[in-house]
Amino acid sequence: MIDLKFQSLDAAATEKFLAEIASEIAPVKLTSGKTSVQVTDVPFYDEFKFYALSDSTLPQPNTRYMFYKSGDASMMNWTNEPIYSVNERAPIKLDRKTCIPYAKFFFHYVRGQLGRFIIVEKPEEVVWLSNANAKEKADVAAKLMPVTYNGIGRDNLFTLSATVVFKNALFKTDIKIAPYEMDVFDPELGAPEHFTIGQMKLTNEDLLLEELNVPIDPPPGEFG
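As a starting point, this report considers the structure included with it. (Residues numbered from 1 in each chain as written. Predicted model: local features only at pLDDT ≥ 70, side-chain atom pairs only at ≥ 80, totals over all residues. Heavy atoms only, no water.)

1. Comments concerning the pairing of strand 9 (residues 169–177)
Thinking step 1. Counting buried residues along strand 9, eight of its nine residues qualify, which places the element largely inside the surrounding structure.
Thinking step 2. As paired strands, strand 8 (residues 158–166) and strand 9 are joined by nine bridges and run antiparallel to one another. Each bridged residue has a counterpart across the sheet, and for valine 165 the counterpart in strand 9 is leucine 170.
Thinking step 3. What sits between the antiparallel neighbours strand 8 and strand 9 is a turn of two residues, in which lysine 167 has the positive phi angle 55 degrees. (Buried < 20%, exposed > 50% of the residue type's maximum accessible area, 1.4 Å probe, protein only. Helix = DSSP H or I, 4+ residues; strand = E, 2+ residues; numbered from the N terminus. Pairing = 2+ DSSP bridges.)

2. Some points on the pattern of salt bridges
Thinking step 1. Across all of its chains, the model carries twelve salt bridges by this definition.
Thinking step 2. Residues lysine 201 and aspartate 186 are paired through a salt bridge, measuring 2.9 Å at the closest nitrogen-oxygen approach. Here lysine 201, found in strand 12 (residues 200–209), pairs with aspartate 186, found in strand 10 (residues 182–186); they are 15 residues apart in sequence, far enough to count as distant.
Thinking step 3. Put simply, lysine 201 and glutamate 193 hold a salt bridge, and the shortest N to O gap is 2.8 Å.
Thinking step 4. Residue classification places lysine 201 among the partly exposed positions, given a relative accessible area of 25%.
Thinking step 5. In the salt-bridge network here, residues are joined through shared partners; they are Asp186, Glu193 and Lys201. (Salt bridge = Lys/Arg side-chain N within 4 Å of Asp/Glu carboxyl O.)

3. So, the sheet that holds strand 3 (residues 49–55)
Thinking step 1. Reading across from one edge, 1-2-3-4-5 is the order of the five strands in this open sheet, with antiparallel pairing throughout. Of all the strands in the sheet, just strand 1 (7–8) and strand 5 (72–75) have a single pairing partner and so form its edges.
Thinking step 2. Judged from the two bridges that link them, strand 1 and strand 2 (residues 35–40) form a sheet pairing that is antiparallel. Bridge assignment links glutamine 7 to a residue of strand 2, and that residue is valine 39.
Thinking step 3. Each of strand 2, strand 3, strand 4 (63–69) and strand 5 is contacted by helix 1 (residues 11–25), which is oriented at about 85 degrees to strand 4, the strand it contacts most.
Thinking step 4. Set on the sheet, helix 2 (residues 81–89) makes contact with strand 4 and strand 5; between it and strand 5 the angle comes to about 155 degrees. (Contact = heavy atoms within 4.5 Å. Axes fitted to C-alpha atoms, helices over the stretch in contact; angles between N-to-C directions.)

These figures capture arrangement, not role.
Shown next as structure tokens:
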């Protein structure tokens, strides 16, 4: 589960911040006096901070997210593009300590049109439908594992292992992360595959359980 500790800006700091970013986030407009701002650090960027911007004039969900450092804003849109872009500009710091929080962040804020991958480590992190029974909950609990750092593989990519829910199935998978811009030979394609710094790839997917009674999220809208 992602663990971000947001801090709220006070009213004066919020108004100053909204004025500062207004031109950089256009055409997005945030309502002055009705928008709350929270901010947190992430361990894989030095200068960029992560912001949650909640407009109370809109029905929930009403929170947009963005990365920002002075003069450089990147609004999140539930695709990987804003993250990969900031990875290059920051640049991202990847090592044994930051790979896991980066992966958890990535899969929380990237949600594909065909579904999202939800990293689950503990039974209480699985969201169940009301008709889920005790047996399938126990079956899932027995398969879960913490996200594990496996070092740098022979392909020179950082490698993690994790259990993830995709649609109504539970998988064990490896998560590959590029430590820098590079080309990696893909034996399935029989050709090199280009990676930008911090680019992710899931490999060695192993189906553990399927037809689970879990909610399947619709494609993301503006607010997720």
